[in-house]
2 protein chains.
Amino acid sequence: MRDFSLYAITGEAFHPGRDIAEVMEEAICGGVDMVQLRDKTSSKQQVLEKAYALKKVTDAYGVPLIINDHIDVALAVDADGVHVGQNDLPLADVRRIVGSEKIIGVSTHALSEAIAAEKGGANYIGVGPIFPTNSKVDVVAPVTTAYIREVVQHVNIPFVAIGGINVENVAEVISAGAKRISVISAIAGAKDVKAATSALKAALKGARTP
Amino acid sequence: MRDFSLYAITGEAFHPGRDIAEVMEEAICGGVDMVQLRDKTSSKQQVLEKAYALKKVTDAYGVPLIINDHIDVALAVDADGVHVGQNDLPLADVRRIVGSEKIIGVSTHALSEAIAAEKGGANYIGVGPIFPTNSKVDVVAPVTTAYIREVVQHVNIPFVAIGGINVENVAEVISAGAKRISVISAIAGAKDVKAATSALKAALKGARTP
């Protein structure tokens, strides 16, 4: 898996009336180096259509596309990988379905889950929610940056901090040991998506190499 | 695809408290020669668990297992195929996901859908609902046996009549040209599943070879 640092997750509710592929293209132009299609409400066909639209954009820019939850859609559009939560299919089944080449990301909220995901063959894990969030990424209490420090010590696969991260608090996340962040609202909810992404990427870089 | 004549679709609501794999095993012992796991309400993990349980039974008896809707689950348990409706993923995408070896069945309610499914590479189609049904197989009006006659004339792939078929009316379905029937409640809802299945199979055979 190619490394990444700024991972944008789609959040269409944050940009009513604007096209998901157009918004993610702006995000990529602003510095996003991995994109996840996350859609918990649309029909399967609608998710497939969005996935095809996003794939065109991510392919054009050479950015990996990950599909949340809908493994069938990921296979249909030949996405780079899938992201699953703790309540989705077990990791071993997901790996059997997608094969050895696809990226599998797993949301984790505690060290036991992180270690299980690593042992189970996840390519990266999500670590969060770090801060309270309005995007309802997960219905669990914030794990704070303390969880980042635990993961740094005990987990060897790449991890991405997620949950309420924005340009204001990204330095705190990085100083706790994260190298990669994932956001929904900080990008999808921005008035100027490209500018907000650039600012976030700059803050991320600044914090990584102080 | 091996031919079949009595295709049982699971309907757990019809046998509260009874295990789905146990009920389907009785159905197979009664004469069912293809089984479909249909579950529109459970979580993905629950569907996966049921699929694994059913796969053990269908493998033991050498009966094909088809998974409705959950293509990822079908791949995970290496089921024999998938069944999709008109509102699921497009057939071309389903074929790309499951590969050339898996059976793909498609529900159809009109000749245009039947012909499109045949052209699109479906291995069989569902034709119905023939009669009114309580199983809510599809939220469309009964197509009556007139649709069976149309399909017999214009479609070459195997088709299975579905919707409100039981031991009383199966002869009417067969005389319209159907060779295969699919049922939910007539089997899953029976007090004695094996006996009801045997009776249905006998009626089916009797109607096929008068």
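Residues numbered from 1 in each chain as written. Chains lettered and ligands numbered in written order. Predicted model: local features only at pLDDT ≥ 70, side-chain atom pairs only at ≥ 80, totals over all residues. Heavy atoms only, no water.

Looking at an unreviewed UniProt entry, one finds chain A named Thiamine-phosphate synthase, with Shouchella lonarensis as its source organism. Looking at chain A in UniProt, the text filed under Pathway (unreviewed entry) is "Cofactor biosynthesis; thiamine diphosphate biosynthesis; thiamine phosphate from 4-amino-2-methyl-5-diphosphomethylpyrimidine and 4-methyl-5-(2-phosphoethyl)-thiazole: step 1/1." Annotation of chain A in UniProt includes, under Function (unreviewed entry), the sentence "Condenses 4-methyl-5-(beta-hydroxyethyl)thiazole monophosphate (THZ-P) and 2-methyl-4-amino-5-hydroxymethyl pyrimidine pyrophosphate (HMP-PP) to form thiamine monophosphate (TMP)." (UniProt positions renumbered as here; feature names shortened; annotations may be inferred.)

Peer 1: What is the right way to look at the pattern of salt bridges in this model?
Peer 2: A pair can form between side chains of opposite charge whenever their charged atoms are brought close. All names here are of chain A. One pass over the structure, following the stated rule, counts 20 salt bridges over all chains. Linking D72 and K44 is a salt bridge whose minimum nitrogen-to-oxygen distance equals 2.9 Å. Here the residue D72 occupies a position in helix α3 (residues 71-76), and K44 occupies one in helix α2 (residues 44-61), the gap between them amounting to 28 residues. D72 gets classed as buried once you look at its relative accessible area, which sits at 1%. What you see here is one network of salt bridges that share partners, running through E12, D39 and K50. (Salt bridge = Lys/Arg side-chain N within 4 Å of Asp/Glu carboxyl O. Helix = DSSP H or I, 4+ residues; strand = E, 2+ residues; numbered from the N terminus. Buried < 20%, exposed > 50% of the residue type's maximum accessible area, 1.4 Å probe, protein only.)

Peer 1: Any chance you could explain the pairing of strand β7 (residues 159-162) of chain A here in plain terms?
Peer 2: In the case of a regular strand, side chains alternate between the two sheet surfaces. All names here are of chain A. Burial along β7 is two-sided: F159 and A161 facing one way and V160 and I162 facing the other are all buried. Two strands pair when backbone bridges link them, and strand β6 (residues 124-127) and β7 are joined in this way by three bridges, in the parallel orientation. Bridge pairing in β7 links I125 to F159. The sheet contact formed by β7 and strand β8 (residues 181-183) spans two bridges and is parallel. Of the residues in β8, the one forming a bridge with A161 is I181. Viewed along the sheet, the connection from β7 through helix α7 (residues 170-175) into β8 turns out right-handed. (Pairing = 2+ DSSP bridges. Right-handed = clockwise from strand over helix to strand, strands pointing away.)

Peer 1: Which parts of the structure should I look at to understand the layout of surface pockets?
Peer 2: Here the idea is plain: a probe the size of a water molecule rolls over the atoms and shows the empty space left. Reported here for the largest pocket is a volume of approximately 590 Å³. The residue inventory of the lining of the largest pocket, partitioned by class, reads eight nonpolar, 13 polar and nine charged. (1 Å grid on protein atoms, 1.4 Å probe; cavity = no way out; pocket = protein on both sides within 12 Å on 5 of 7 lines; lining within 4 Å. Points joined across faces, edges and corners; volume = space filled by probe spheres on them. Nonpolar A, V, L, I, M, F, W, Y, C, P; charged D, E, K, R; others polar.)

Peer 1: Explanation requested: the nonpolar core in the structure shown.
Peer 2: Nonpolar side chains in soluble globular proteins tend to end up buried together. Core analysis: the biggest nonpolar cluster contains 126 residues, and I125 and I181 of chain A together with I125 and I181 of chain B have the highest contact counts within it. In contact with I125 of chain A, not counting residues within four places along its chain, are V106, T108, A114, A117, V151, V155, I157, P158, F159 and V160 of chain A. (Core = buried A, V, L, I, M, F, W, Y, C linked by side-chain atoms within 4.5 Å. Contact = heavy atoms within 4.5 Å.)

Peer 1: So what exactly am I meant to see when it comes to the interface of chain B and chain A here?
Peer 2: Many structure descriptions define interface size as the accessible area lost when the parts assemble. If you look at the interface, chain B gives 17 residues, while chain A gives 17 residues. Regarding the contact of chain B and chain A, the summed buried area is about 1,400 Å², with carbon and sulfur atoms giving 61% of it. Contact with chain A buries surface across chain B, with Q45, D72 and L89 of chain B losing the most and accounting together for 33% of the total. There are zero salt bridges connecting chain B and chain A. Put simply, chain B and chain A have eight residue pairs in polar contact (both at pLDDT 80 or more) between them. Contributing elements (two or more residues each) for the side of chain B that touches chain A: α2 (44-61), α3 (71-76) and α4 (91-98) of chain B. Among the residues forming the side of chain B that touches chain A, the class breakdown is nine nonpolar, three polar and five charged. (Buried area = accessible area lost by both parts, 1.4 Å probe. Polar contact = N/O pair within 3.5 Å; in protein donor to acceptor, adjacent residues only side chain to side chain.)

Peer 1: Honestly, the relation of the copies chain B and chain A in this entry has me stumped. Any pointers?
Peer 2: Superposition of the two copies of the chain requires a rotation about an axis together with a shift along that axis. Between the two copies, chain B and chain A, the superposition gives an RMSD of 0.0 Å; the rotation angle is 180 degrees and the shift along the axis is 0.0 Å. Each copy turns onto its partner about a two-fold axis. For chain B, the smallest separation between a C-alpha atom and the rotation axis is recorded for D72 of chain B, amounting to 2.8 Å. When the interface residues of chain B are mapped onto chain A, 100% of them again fall at the interface, so both copies present the same face. (Least-squares fit on C-alpha atoms with pLDDT ≥ 70 in both.)

Peer 1: What am I meant to see in the UniProt feature "binding site: Mg(2+)" (unreviewed entry) in chain A here?
Peer 2: Residues and elements named next belong to chain A. The feature "binding site: Mg(2+)" (unreviewed entry), as given by UniProt, occupies D69 and D88 in the numbering adopted here. The named residues occupy 20 residues along the chain; their greatest pairwise C-alpha distance, 7.0 Å, places them in one compact cluster. The subset of the named residues that lines the largest pocket consists of D69 and D88. Checked against the element boundaries, D69 lands in the loop between β3 (65-68) and α3. Taking relative accessible area as the criterion, D69 reaches 22% and is therefore assigned partly exposed. Once residues within four sequence positions are removed from consideration, D69 is found in contact with K40, H83 and D88. Residue placement: D88 occurs in the loop between β4 (81-84) and α4 (91-98). The exposure class assigned to D88 is buried, which follows from its relative accessible area of 14%. Engagement of the side chain of D88 in a polar contact is seen with the backbone nitrogen of G85, the distance being 2.7 Å.

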